[in-house]
Amino acid sequence: MKPLRITTEQALYLLAFLLSLGLRWLRLGAAPLGEFEAGWALQALQLSRGEQVTLGPGPAYALLTGLAFFVLGNSNAIARLWPALVGSVLVFLPYLFRAKIGRAAALIAAFGLAVDAGLVAASRLSGGPMLALGFGLLAL
């Protein structure tokens, strides 16, 4: 069995991922939920309590966050957990295209996705478009 060796490129992608996690998860639950976010979080909270609820157009958020509320308890940070996680994983998307765009360009794109202010803001919004954007891009 060959020992696992991490290349410099893989270490840089890991660094981009950790930077992305840090930016998205730093003080994640400090701000109160806005009206838009609270509606989505309320659906997830009702699901976690076993109440009957009519799911909106994005059932993945409500189901995943309802499970997180059930297991971890309910808080503003938990309500924003899944969008932040999906937004953090987006930095690995350029890794899939490194053969087409080149290794250096893929690494630059990964760090760009990690620190992009728009993606960071969308990742910190519960019930926002980050789940659709992230899973849509990964489906490509």
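Our structure is the block above this text.
Criteria and cut-off values
- Residues numbered from 1 in each chain as written.
- Predicted model: local features only at pLDDT ≥ 70, side-chain atom pairs only at ≥ 80, totals over all residues.
- Heavy atoms only, no water.
- 1 Å grid on protein atoms, 1.4 Å probe; cavity = no way out; pocket = protein on both sides within 12 Å on 5 of 7 lines; lining within 4 Å.
- Points joined across faces, edges and corners; volume = space filled by probe spheres on them.
- Helix = DSSP H or I, 4+ residues; strand = E, 2+ residues; numbered from the N terminus.
- Nonpolar A, V, L, I, M, F, W, Y, C, P; charged D, E, K, R; others polar.
- Salt bridge = Lys/Arg side-chain N within 4 Å of Asp/Glu carboxyl O.
- Phe/Tyr/Trp six-rings, centres within 6.5 Å; stacked < 30°, edge-to-face > 60°.
- Buried < 20%, exposed > 50% of the residue type's maximum accessible area, 1.4 Å probe, protein only.
- Expected span 1.5 Å × (residues − 1).
- Arc of directions from axis to C-beta.
- Polar contact = N/O pair within 3.5 Å; in protein donor to acceptor, adjacent residues only side chain to side chain.
- Contact = heavy atoms within 4.5 Å.

Asker: So, the layout of surface pockets: which residues are in play, and what are the values?
Answerer: Here the largest pocket is characterised by a volume of approximately 170 Å³. Lining the largest pocket are Phe36, Trp40, Gly58, Ala60, Tyr61, Pro83, Gly127, Gly128, Pro129, Leu131, Ala132 and Phe135. At the level of elements, helix H2 (35–48), helix H3 (59–72) and helix H10 (130–139) are the ones that each hand at least two residues to the lining of the largest pocket. Looking at the lining of the largest pocket element by element, the count peaks at three residues for H10. Across the lining of the largest pocket, the residue classes tally to nine nonpolar, three polar and no charged.

Asker: Outline the pattern of salt bridges, listing residues and values.
Answerer: With the rule as written, the count across this model stands at three salt bridges. Here the residues in one salt-bridge network are Glu9, Arg98 and Arg103, joined through shared partners.

Asker: Help me get a handle on the packing of aromatic side chains, residues and values and all.
Answerer: In total, this model carries four aromatic pairs according to the counting rule given. On the numbers, 5.0 Å between centres and 85 degrees between planes, the contact of Tyr13 with Tyr95 is edge-to-face. Of the two residues, Tyr13 is situated in helix H1 (residues 8–25) and Tyr95 in helix H6 (residues 93–96); the sequence distance between them amounts to 82 residues. On the accessibility criterion, Tyr13 (2% relative accessible area) is buried. For Tyr95, a relative accessible area of 26% gives the class partly exposed. When the centroid spacing of 6.4 Å and the interplanar angle of 65 degrees are considered together, the rings of Phe36 and Trp40 count as edge-to-face.

Asker: Tell me about H3, and name the residues and values.
Answerer: Relative to the 20 Å expected for 14 residues at 1.5 Å per residue, H3 spans 20 Å between its end C-alpha atoms, a close match to the ideal helical length. Looking only at H3, the buried set comprises Tyr61, Ala62, Thr65, Gly66, Ala68 and Phe69. Seen end-on, H3 carries its buried residues on one side only, within an arc spanning 165 degrees. In H3, those exposed residues whose orientation departs by more than 90 degrees from the buried face are Phe70 and Val71.

Asker: Which residues make up unusual backbone geometry, and what are the values?
Answerer: Even without being glycine, Arg27 reaches a positive phi, approximately 55 degrees. Its location among the elements puts Arg27 in the loop between H1 and H2.

Asker: Hey, could you go over the side chain of Glu9 for me, with residue numbers and the actual values?
Answerer: Residue position: Glu9 is located in helix H1. Of note is the side chain of Glu9, whose polar atom sits 3.5 Å from the side chain of Arg103. The residues contacting Glu9, other than those within four sequence positions of it, are Tyr95, Arg98, Arg103 and Leu107.

As far as function goes, none of this settles anything; it's purely spatial.
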